[in-house]
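# Inside the fold
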Amino acid sequence: MTRAVAKSESDMPGAEPVVRVIGRVKWFDSAKGYGFIVAESTSDASLTGDVMLHISCLRDYGETYADEDARIICDAVHRGRGWQTAHIIEMERPRAVVAREKGVEFDYTTVTLKWFNRTRGYGFVHRDGLDVDIFVHAVHLKKAGYEDVEPGTRLDVVIENGGKGEHVTLVKPR
């Protein structure tokens, strides 16, 4: 699902020159407040490399998170630290948000927390009988009501496969 915004910064008088970008979210970390977009198509060949996506752009668009590999159309500007998103025009909504709004029942898998580093904001879980690490981000734990979580804690989660392997996308609330 996507939604469009009627007016872009490029339509506003006196705005910095913008480049239209069509791409995919490489990764986004809401605890850090930023992530990156891989451009698949641009309106200017001078745009090379990744485009930073700041949480303020997501908030202006009405979201607080961007799913890995989500399709995105945005305007980017070149600033001192490189290309940055100036304005989101259209973006696939986070899958878990859309599913929750539709009342979808999730297939939860019970896992055990292997380790978690609160300072870094992530850790790993594993399924019973399998020694395969599955990434879990602090944002999903916090949304489910887990402020402090210790190794060995059993969690019910939804696991998806992304560009970097399996990761937790939803934790069942306590």
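Residues numbered from 1 in each chain as written. Predicted model: local features only at pLDDT ≥ 70, side-chain atom pairs only at ≥ 80, totals over all residues. Heavy atoms only, no water.

## Structural notes on the environment of Gly123
Topologically, Gly123 is positioned in strand E7 (residues 122-127). Classification of Gly123 by relative accessible area gives buried; the value is 0%. Along the backbone, Gly123 and Asp50 are 73 residues apart, and their C-alpha atoms lie at a distance of 26 Å. Leaving out residues up to four positions away in the same chain, Gly123 has contacts with Trp115, Phe116, Ile134, Phe135 and Val136. (Helix = DSSP H or I, 4+ residues; strand = E, 2+ residues; numbered from the N terminus. Buried < 20%, exposed > 50% of the residue type's maximum accessible area, 1.4 Å probe, protein only. Contact = heavy atoms within 4.5 Å.)

## A short note on the pairing of E7
In this sheet, E7 lies alongside strand E6 (residues 109-117) in antiparallel orientation, the contact comprising 6 bridges. If you follow Asn117 over to E7, its bridge partner there is Tyr122. Between E6 and E7, which pair antiparallel and follow one another directly, the connecting turn spans 4 residues, one of which, Gly121, has a positive phi of 85 degrees. Bridge count for E7 against strand E8 (residues 134-137) is 4 bridges, and the pairing is antiparallel. In the sheet register, Val125 faces E8, and the bridge partner there is Ile134. With antiparallel pairing between neighbouring strands as the criterion, E7 and E8 make up a hairpin whose turn holds 6 residues, including Gly129 at a positive phi of roughly 80 degrees. (Pairing = 2+ DSSP bridges.)

## Section: the environment of Phe28
In this fold, Phe28 is placed in strand E1 (residues 19-29). Along the sequence, Phe28 and Asp67 sit 39 residues apart, while their C-alpha atoms lie 7.1 Å from each other. Sequence-distant contacts of Phe28, defined by excluding residues within four places in its chain, comprise Gly33, Tyr34, Gly35, Leu53, Ile55, Leu58, Thr64, Tyr65 and Ala66.

## Overview of the side chain of Glu63
By the secondary structure assignment, Glu63 is in the loop between helix H1 (55-61) and strand E4 (71-79). A relative accessible area of 8% means that Glu63 is categorised as buried.

## Quick word on the nonpolar core
Counting 21 residues, the largest nonpolar core has Phe28, Leu53 and Ile88 as the members making the most contacts within it. Listed by contribution, the elements that provide at least two residues to this core are E1, strand E3 (51-54), H1, E4 and strand E5 (82-91). Ranked by size, the runner-up nonpolar core spans 16 residues in total, among them Val111, Val136, Leu141 and Val168. (Core = buried A, V, L, I, M, F, W, Y, C linked by side-chain atoms within 4.5 Å.)

## What about the pattern of salt bridges?
Evaluation of the coordinates by the stated rule reveals 10 salt bridges. Residues Glu90 and Arg71 are paired through a salt bridge, measuring 3.5 Å at the closest nitrogen-oxygen approach. Of this pair, Glu90 sits in strand E5 while Arg71 sits in strand E4, placing them 19 residues apart in sequence. By relative accessible area, which is 30% here, Arg71 ends up partly exposed. Taking the shortest distance from any N to any O, the salt bridge between Glu166 and Arg127 comes out at 3.1 Å. (Salt bridge = Lys/Arg side-chain N within 4 Å of Asp/Glu carboxyl O.)

## With respect to the confidence of the model for the chain
In the predicted model, the chain carries a mean pLDDT of 85, and 91% of its residues have values of at least 70. At the level of individual helices and strands, the chain shows its lowest average pLDDT in helix H2 (residues 95-101), which scores 72, and its highest in E3, which scores 97. Low pLDDT (under 50) marks residues 1-13, which in the prediction has 34 contacts with non-local residues, meaning those over four places away or in another chain. (pLDDT = per-residue confidence, 0-100.)

## Observations regarding the pairing of E5
Most of E5 sits out of view: 9 of its 10 residues are buried. Here 8 bridges tie E4 to E5, and the two strands are oriented antiparallel to one another. The residue bridging Cys74 from the neighbouring strand is Ile88, located in E5.

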